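Now for the letters of each chain:
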Amino acid sequence: LLLAACAHPPPPPLEPSPAVPSGAEIHWYTLEGRDRIDLIESCLHNCPRDEQGVAVASLTTWELRWGWTRAPYDPCAVASASVDTLASVALPRWDPPPDADPALVAEWGGWLARLERHEQGHVDLVRAFADSAEVRIAGSSCDRVEAEGAALVASLHAAQIDYDRLTGSGHTQGASFWTGPVAAR
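Here the structure is a predicted model, which means the values were calculated and not measured. In this convention, every chain numbers its residues from 1, walking through the sequence in written order. Only residues with pLDDT of at least 70 are given local features in this predicted model, and only at 80 or more are side-chain atom pairs given and counted; all residues enter the totals for whole chains, interfaces and linings. By convention in this description, side-chain values take in all heavy atoms of the structure and omit both hydrogens and water.

### Some thoughts on the pairing of strand 2 (residues 59–71)
Right, so step 1: With 13 bridges connecting them, strand 2 and strand 3 (residues 74–94) associate as antiparallel partners. Bridging across to strand 3, Leu59 finds its partner in Ala90.
Right, so step 2: When DSSP finds at least two bridges between two strands, those strands are taken to pair. By definition, any uninterrupted DSSP run of H or I lasting at least four residues is a helix, any uninterrupted run of E lasting at least two residues is a strand, and each is numbered from the N terminus. As consecutive antiparallel partners, strand 2 and strand 3 are separated by 2 residues.

This is how it looks when you write it as structure tokens:
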């Protein structure tokens, strides 16, 4: 990281990229600073926290809710099932100050797009599990609906962990802004 002491025109404002995850509520949180160290420090205070309480650059959370109707011919048969999902993605927003390093601004834009694509993978998993959940719940009996739903939630949770393990929490997808060079102040 080069600390900008040179005269540069102010960087253009950063707009969310078109890769923002679809099928999810997006919650933007603000990071402030002029260099990577400032952004990391800002993240320690403003970034979302994972299940272990660790500050992370982005976070997808989700809920699966299901309902079903009884078949008229058999009170314990499932006539139909519905599954509703809610996915929320927390992403960083940075409005670079005029003295921010232009190279850092350019790096941020590419990194944010890759981070958004990583989070889209989490949202896509939620959608895929919701589709299969409806079929599995509809194929169960009234005394198994809750167990099927709970099993699906547990399976989706495990799939999310596997996705992060496979992608190194986005690092293999290029979403590793925090690990770049850091200059001494």
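Text resumes after the structure shown.
### Considering the nonpolar core
A general feature of soluble globular proteins is that nonpolar side chains tend to end up buried together.
Right, so step 1: Remark: nonpolar core denotes a set of buried residues (Ala, Val, Leu, Ile, Met, Phe, Trp, Tyr, Cys) joined through side-chain atoms within 4.5 Å. Classification of residues uses two cut-offs on accessible area relative to the type maximum, computed with a 1.4 Å probe and protein chains only: under 20% is buried, over 50% is exposed, and between them is partly exposed. Within the largest apolar cluster, 21 residues are counted, with the highest numbers of intra-cluster contacts made by Leu31, Leu39, Trp94, Trp108, Trp111 and Leu115.
Right, so step 2: Elements represented by at least two residues in this core include exactly strand 1 (25–31), helix 1 (36–46), strand 3 and helix 2 (102–138).
Right, so step 3: Per-element tally for this core: the top contributor is helix 2, with 7 residues.
Right, so step 4: Counting residues in each nonpolar core, the second largest holds 14 residues, with Trp62, Phe129, Ala133 and Leu156 among its members.

### Examining the state of the cysteines
Right, so step 1: Cysteine sulfurs are considered disulfide-paired once they come within 2.5 Å of each other. For the structure shown, the criterion picks out 2 disulfides.
Right, so step 2: Across the disulfide, Cys43 is cross-linked to Cys47 (sulfur-sulfur distance 1.9 Å). Looking along the S-S bond of the Cys43-Cys47 disulfide, the torsion reads about -125°, which is the left-handed sense. Assigned by exposure class, Cys43 and Cys47 land together as buried.
Right, so step 3: Two residues, Cys76 and Cys142, share a disulfide whose sulfurs are 1.9 Å apart. The chirality of the disulfide connecting Cys76 with Cys142 is left-handed, given an S-S dihedral of about -90°. In this pair, Cys76 is assigned in strand 3 and Cys142 in the loop between helix 2 and helix 3 (145–167), connecting sequence segments 66 residues apart.
Right, so step 4: Judged by its relative accessible area of 22%, Cys142 falls in the partly exposed class.
Right, so step 5: Taken in sequence order, the bonded cysteines of the protein chain link in the pattern 1-2, 3-4.

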